[in-house]
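A closer look at the structure
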Amino acid sequence: RLATTVGRRTLPFASPHYSRDRKRIREATMRSSFSSVNLLLSSCIMAAVPASAWTWSALPVKGPAIPAPKVSGHASAATNDERIVLFGGLTGSAGSPTTDDLWVYDKGAGWKMIPSKEQGGTRPQRRMYAASAVLGDSFYLIGGWDPGEPGSGGTFLDDIWRLSLKTLKWDRVETSLPYPVSRHSACAVSSDTIAIHTHKGLLLLSSDGRDCSLSEQPTTGDGPDGLSMCGSASLGGDESGRMLIFGGSTRTQELSSAAYELDTKSWTWTKLLSKQKGEEPRPIASPCATYAGDNECIVFGGATLGKDGYAGGLIPQDETWLCTVNKGTATVGWEKIASEDPSPEGRVAASLNAVGDEVILQGGWDPVSKETYDKTWVLKK
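Attention here is on the structure that accompanies the text.

Parameters at a glance
Residues numbered from 1 in each chain as written. Predicted model: local features only at pLDDT ≥ 70, side-chain atom pairs only at ≥ 80, totals over all residues. Heavy atoms only, no water. 1 Å grid on protein atoms, 1.4 Å probe; cavity = no way out; pocket = protein on both sides within 12 Å on 5 of 7 lines; lining within 4 Å. Points joined across faces, edges and corners; volume = space filled by probe spheres on them. Helix = DSSP H or I, 4+ residues; strand = E, 2+ residues; numbered from the N terminus. Nonpolar A, V, L, I, M, F, W, Y, C, P; charged D, E, K, R; others polar. Pairing = 2+ DSSP bridges. Phe/Tyr/Trp six-rings, centres within 6.5 Å; stacked < 30°, edge-to-face > 60°. Buried < 20%, exposed > 50% of the residue type's maximum accessible area, 1.4 Å probe, protein only. Polar contact = N/O pair within 3.5 Å; in protein donor to acceptor, adjacent residues only side chain to side chain. Contact = heavy atoms within 4.5 Å. Salt bridge = Lys/Arg side-chain N within 4 Å of Asp/Glu carboxyl O.

1. Let's talk about the layout of surface pockets
Computed from the structure, the largest pocket encloses a volume of approximately 1,100 Å³. Along its surface, the largest pocket is lined by 49 residues, and Ser76, Ser232, Ala289, Leu352 and Asn353 are the ones closest to its centre. Of all elements in the fold, only strand E4 (75–78), strand E8 (131–135), strand E12 (185–190), strand E17 (231–234), strand E21 (288–293), strand E27 (351–355) and strand E28 (358–362) reach the threshold of two or more residues within the lining of the largest pocket. The residue inventory of the lining of the largest pocket, partitioned by class, reads 26 nonpolar, 17 polar and six charged.

Okay, here's the thing in structure tokens:
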């Protein structure tokens, strides 16, 4: 006897092919059960696979420990031959001295501090919160702040220095910034131009490899006006003509979670809208960022504020984000990546640079523990 259900009534009926039909129903039921089990297993497997393949690892130490820069608020940039140049920074917590040390990171060999006597007759003074970028065979160091003696207020700087990546010798660029500045951001936006974002506006440093010129560049659109301590990165390599600015703080200590794109063809800023429903970065200051591919960049760290604002202190963040700009739609997507241990501690004023298929995190400071970091972290996909 078989039965069929209509509404709430079960109606019996006879079948001339009872045995055959019963066998078919049993086989169909078994197939359905196997399909349900397979679907459940597939769901479990998918849930066990991380949403992103990015992972952090500490740079392995081979043989005797290789020293690395233990600083925060330093200037750094990646070169075209997969090195990183790093200059200056604060050596500890507030009140500790800044440095004028020059370091070079070589993939596979680690960090090397360049003796001052090998850097030429003139070299930059110690500083922190400078900006930097690479054009061709030169590393440019732009502005910054020398705290000087405790209680002095220090000196805000307007000078520009150029380091030859072939000889590792310095020369001072004849032109200077129109005003002293620190906590600003710089990014190469073409083979001969660096865009410098300051809280007062946009500056352009242009070089033909020999002579340099500097100009104030008017912009249009909704831009990161009044913000400093931002993260910045190119959105398509040095030839893209596009720059991303993220986060930062105003002079009234209001933090930003906004992302802005600069199009250097029209000199137009666009405030990018986030339409995702998932998690995204909080308002944050002093994150670090770097190029990660066309329309993508990596953002790490920075600090948020407690419920009492700056009076309650900064809260360091240890989140790593993949930022994807949807070109032409003025929108941005955020994906939290590499969230499993091991991973770097939260920090502010660190540096992040893409070198080949690796992203190198160096330095930074924890405003809670007061620790300055020197361990080198590598992010890979």
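What follows continues from the structure just given.
2. Some remarks on the pairing of strand E29 (residues 377–380)
Strand direction decides the pairing type here: strand E3 (residues 55–58) and E29, joined by four bridges, are antiparallel. Paired with alanine 58 across the two strands is tryptophan 377, which belongs to E29. As paired strands, E28 and E29 are joined by four bridges and run antiparallel to one another. Following the sheet pairing, leucine 361 is matched in E29 by tryptophan 377.

3. Examining the packing of aromatic side chains
All told, the structure shown has eight aromatic pairs when counted by the stated rule. Ring geometry for phenylalanine 139 against tryptophan 170: centres 6.3 Å apart, planes inclined by 70°, an arrangement best described as edge-to-face. Taken as a pair, phenylalanine 139 in strand E9 (residues 138–146) and tryptophan 170 in strand E11 (residues 170–172) lie far apart in primary sequence, 31 residues in all. Residue tryptophan 170 is classed as buried on the basis of its relative accessible area, which comes to 6%.

4. Quick notes on the side chain of threonine 320
Mapped onto the fold, threonine 320 is located in strand E25 (residues 320–326). The exposure class of threonine 320 is buried, given its relative accessible area of 2%. Reaching out from threonine 320, the side chain makes a polar contact with the side chain of tryptophan 56 at a distance of 2.9 Å. For threonine 320, the contacting residues outside a window of four places in its chain are Trp56, Ile298, Val299, Phe300, Glu335, Lys336, Ile337 and Leu379.

5. Description of the pattern of salt bridges
With the rule as written, the count across this model stands at 13 salt bridges. In this structure, glutamate 261 and arginine 242 form a salt bridge, with 2.6 Å as the shortest nitrogen-oxygen distance. Of the two residues, glutamate 261 sits in strand E19 (residues 259–263) while arginine 242 sits in strand E18 (residues 242–246), which places them 19 residues apart along the sequence. For the pair glutamate 261 and arginine 242, one class covers both residues: buried. If you follow the salt bridges from partner to partner, you end up with Glu279, Arg282, Glu319 and Lys336 in one network.

6. A look at the sheet that holds strand E20 (residues 268–272)
Strands sit in the order E16-E20-E19-E18-E17 across an open sheet of five strands; the sheet is mixed. In this open sheet, the two strands that pair with only one neighbour each are strand E16 (220–221) and E17. One ladder, built from two bridges, connects E16 with E20; its direction is parallel. Bridge pairing in E20 places threonine 220 opposite threonine 268.

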